[in-house]
Amino acid sequence: MSQKKVSFIGSIDQGTTSTRFIIYNELTKSIGSHQVEFTQFYPNAGWVEHDPMEILESVRVCIAKAIDKATAAGHNVDSGLKAIGITNQRETTVVWSKSTGLPLHKAIVWMDARTSSICRRLEKDLPGGRNHFEPSCGLPISTYFSATKLLWLLENVDAVKQAVDRGDALFGTVDTWLIWNMTGGVKGGLHVTDVSNASRTMLMNLKTLAWDQETLKTLGISPKLLPKIVSNSEVIGTVATGWPIPGIPIAGCLGDQHAAMVGQACRKGEAKSTYGTGAFILLNTGEEIVHSKHGLLSTMAFKLGPSAPPNYALEGSIAIAGAAVQWLRDSLGIIKSSSEIEELASQVNSTGGVYFVPAFNGLFAPWWRDDARGVCIGITRFTNKSHICRAVLESMCFQVKDVLDSMHKDTGGKGEVKNDKGEFVLRVDGGATANNLLLQIQANLLGSPVVRPSDIETTALGAAYAAGLAIGIWTEDQIFAKEEKAKTARIFCATLDEDLRKKKVDSWCKAVTRTFDLADLSL
């Protein structure tokens, strides 16, 4: 890569629990970053909301503070910042007023389960039931996706209904909300989303990469509400005055899991798992849309330019991964910080027969049971908090294995890239992968290698890559160069006996079945 030190790329990483802004040099080294957590609202059981205005402010603060830190370290960011990329929590739904710029309701977060009755109604009324829209969008009818959240707002919030009737309402996922505000808001902000985020709404046709008119008609959603769809790597617009970086191009936009695929340089046949609040496993299927028969989603991987070919993916989404660790910390008080879980879990060499299934808001892939609720089974008088902590880590890894097993069934191994030992290698990233025990458990349960890059924040890096690619800072060959990344990666290899692995997997599946049909338990 070029050695010029005057060019920097910024990356807004707007996640479920926090926002970050990271500034990269041309060698993809971070020269300044800042992170801010924001409020989680839980108005009812199974409901999760964010304040869109608080998210906006968190982005503003992170940009300013990261620039201050980079400048203090001697970097001339003011003249060197060439573009920014945006990556965001997906499916989270915002509806706001075009005339005032204010949200008409709090954002409904991707894991929110309030739309289950709407989903049941659609499944009952539509031919094809739960999979009615799958041929066009690759997704089942689920509480997970933006369309059902938008329907809930249209049906339950007067301010939204009235704004739609007046032609004053705009819909978007968080990327759309940020871009509209950052490019001018009420003074001419751009109403835009990208193909990866659009592919998570249930409203985009995967083949045409446009809003599916038949779906909109069926659901009664006006096309006027929806943003324009663009690729993941192109100059979308420039940042307006009033922001810390006016005039800077917004040149990349991807949903967080798609950004991680780019950051992990996943070409066709390669897979990655990102461990954050949830866990998300994507397998790049190239230019072929693979329709899953084993509970997975067909979705976009990325489209790196307006004229670039689309790459598609199979995805398995796990609602609760790192969030279970936060639950141990915040709700049970078993740990005081998330980092403590590794030390506690390491004090025992097994869970002592305890299995924990974190179906707090139901189960996503490959089970798709929104009637599931969390269980912890196998508890005896011998059980202590170390066993519980280890069971929580194992729960994350078992869920990832469930998804990967489904992926292998859907592809039949066709086109999957393997190492020289014939093993399928899983690339991993996200904050939780700093936990070495977690990754060793993951390798043991998979029976194959797990590779962690030196920079585990590949989501932000992927958005920076997309922006840098659009303005010529990097080429696609540089982004997908494997040799350099391999030099600094750490590989975790399986050490668990195959018979014990199979027994543990059988016990896990038994535990999962115990979570079904528990949503209506009396208070």
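Residues numbered from 1 in each chain as written. Predicted model: local features only at pLDDT ≥ 70, side-chain atom pairs only at ≥ 80, totals over all residues. Heavy atoms only, no water.

> Can you help me understand the packing of helix 13 (residues 385–411) against helix 18 (residues 498–513) in this one?
Packed helices, taken two at a time, are described by the angle between their axes plus the distance between the axes. Contact pair helix 13 / helix 18: the axes reach a minimum separation of 11 Å and the direction vectors enclose 95°. The angle between helix 13 and helix 18 places the two elements in the roughly perpendicular class. Of helix 18, the residues touching helix 13 (which contributes E394, S395, F398, Q399, K401 and D402) are K504, V505 and W508. Looking at the contact of helix 13 with helix 18 residue by residue, the class counts come to 3 nonpolar, 2 polar and 4 charged. (Axes fitted to C-alpha atoms, helices over the stretch in contact; angles between N-to-C directions. Helix = DSSP H or I, 4+ residues; strand = E, 2+ residues; numbered from the N terminus. Parallel < 35°, antiparallel > 145°, perpendicular 65-115°, else oblique. Contact = heavy atoms within 4.5 Å. Nonpolar A, V, L, I, M, F, W, Y, C, P; charged D, E, K, R; others polar.)

> Sorry if this is basic, but what is going on with helix 5 (residues 146–156) here?
Spacing of three or four residues puts side chains on the same side of an α-helix, whose turn is 3.6 residues. Taken across its 11 residues, helix 5 has 9 buried, putting it largely inside the fold. For helix 5, every residue scored as buried is listed here: S146, A147, T148, K149, L150, L151, W152, L153 and L154. (Buried < 20%, exposed > 50% of the residue type's maximum accessible area, 1.4 Å probe, protein only.)

> Mind showing me how you'd approach the sheet that holds strand 21 (residues 426–429) here?
Each strand in a sheet pairs with another by means of backbone hydrogen bonds, the pair being arranged parallel or else antiparallel. Overall, mixed pairing links the 7 strands, which are arranged 17-18-16-15-21-22-23 in an open sheet. Each edge of the open sheet is held by one strand with a lone partner, namely strand 17 (297–302) and strand 23 (490–492). Adjacent strand axes in the sheet meet at a mean angle of 30° when their direction is disregarded. Sheet topology note: the strand 15 (residues 271–275)/strand 16 (residues 279–286) ladder contains 5 bridges and is antiparallel. Looking at strand 16, one finds that T274 is bridged to F280. Its contacts with the sheet put helix 13 on strand 15, strand 16, strand 18 (311–318) and strand 21, and the angle it makes with strand 18 is roughly 145°. (Pairing = 2+ DSSP bridges.)

> Quick question: what am I supposed to make of the packing of aromatic side chains here?
Two measures describe an aromatic ring pair: the distance that separates the ring centres and the angle between the ring planes. Applying the stated criterion across every chain, the model contains 18 aromatic pairs. Seen in terms of ring centroids, Y144 and W368 are 6.4 Å apart; in terms of plane orientation they differ by 35°. Their pairing is tilted. Of the two residues, Y144 sits in the loop between helix 4 (134–137) and helix 5 while W368 sits in the loop between strand 19 (355–357) and strand 20 (375–377), which places them 224 residues apart along the sequence. As far as burial versus exposure is concerned, Y144 and W368 are alike and both buried. (Phe/Tyr/Trp six-rings, centres within 6.5 Å; stacked < 30°, edge-to-face > 60°.)

> Mind showing me how you'd approach the sheet that holds strand 5 (residues 81–88) here?
With mixed pairing, the 6 strands of this open sheet are ordered in space as 3-2-1-5-14-13. Both edges of this open sheet fall to strand 3 (30–37) and strand 13 (233–238), since each of them pairs with a single strand only. Strand-to-strand, the axes of this sheet are offset by a mean angle of 25°, without reference to chain direction. Two elements, strand 1 (residues 8–14) and strand 5, share 7 bridges in a ladder whose sense is parallel. Pairing of F8 across the sheet is with L81, part of strand 5.

> Can you walk me through the UniProt feature "domain: Carbohydrate kinase FGGY N-terminal" (unreviewed entry) in the protein in this structure?
If you check UniProt for "domain: Carbohydrate kinase FGGY N-terminal" (unreviewed entry), the listed places come out as residues 9–263 in our numbering. Helix makes up 34% of residues 9–263 and strand 26%. Its end C-alpha atoms lie 14 Å apart. (UniProt positions renumbered as here; feature names shortened; annotations may be inferred.)

> How do you make sense of the environment of F302 when you look at a structure like this?
Locating F302 in the fold gives a position in strand 17. The class of F302 is buried, set by a relative accessible area of 4%. A sequence separation of 188 residues divides F302 from R114, and the C-alpha atoms of the two residues are 30 Å apart. Residues within four places of F302 in sequence aside, it is in contact with N232, L254, M261, V262, C266, N284, P309, P310, N311 and F480.

> Help me understand the pattern of salt bridges, please; the structure alone is not making it clear to me.
A pair can form between side chains of opposite charge whenever their charged atoms are brought close. Under the defined criterion, the tally for this structure stands at 21 salt bridges. Measuring nitrogen to oxygen at the nearest pair gives 2.8 Å for the salt bridge that ties R114 to E49. Note that R114 is positioned in the loop between strand 7 (107–108) and helix 3 (116–125) and E49 in strand 4 (residues 49–50), a separation of 65 residues in sequence. For R114, a relative accessible area of 7% gives the class buried. We classify E49 as buried; its relative accessible area is 8%. Two residues, D370 and R120, come together in a salt bridge whose shortest N-O distance is 2.7 Å. Here R120 lies in helix 3 and D370 lies in the loop between strand 19 and strand 20, a separation of 250 residues in the sequence. Under the relative-accessibility criterion, R120 is labelled partly exposed at 35%. (Salt bridge = Lys/Arg side-chain N within 4 Å of Asp/Glu carboxyl O.)

> Honestly, the pairing of strand 14 (residues 249–255) in this entry has me stumped. Any pointers?
Walk down a regular strand and you will see the side chains alternate between the two sheet faces. Counting buried positions along strand 14 yields 7 of 7 residues, so the element is predominantly enclosed. One ladder, built from 5 bridges, connects strand 5 with strand 14; its direction is parallel. The residue of strand 14 that forms the bridge with I86 is C253. Two strands pair when backbone bridges link them, and strand 13 and strand 14 are joined in this way by 3 bridges, in the antiparallel orientation. Counterpart to G237 in the pairing with strand 14 is I250.

> Mind showing me how you'd approach the packing of helix 5 against helix 6 (residues 158–166) here?
Taken N-terminus to C-terminus, the directions of helix 5 and helix 6 make an angle of 90°; their axes are 5 Å apart at the nearest point. In terms of orientation, helix 5 lies roughly perpendicular with respect to helix 6. Contact with helix 5, carried on its side by L153, L154, E155 and N156, involves D158, V160, K161 and V164 of helix 6 and no other residues of that element. Looking at the contact of helix 5 with helix 6 residue by residue, the class counts come to 4 nonpolar, 1 polar and 3 charged.

> Would you mind showing me how to read the side chain of R501 here?
Within the fold, R501 resides in helix 18. Once residues lying within four places of it in the same chain are set aside, the contact partners of R501 are N444, L445, L446, G447, A494 and L496.

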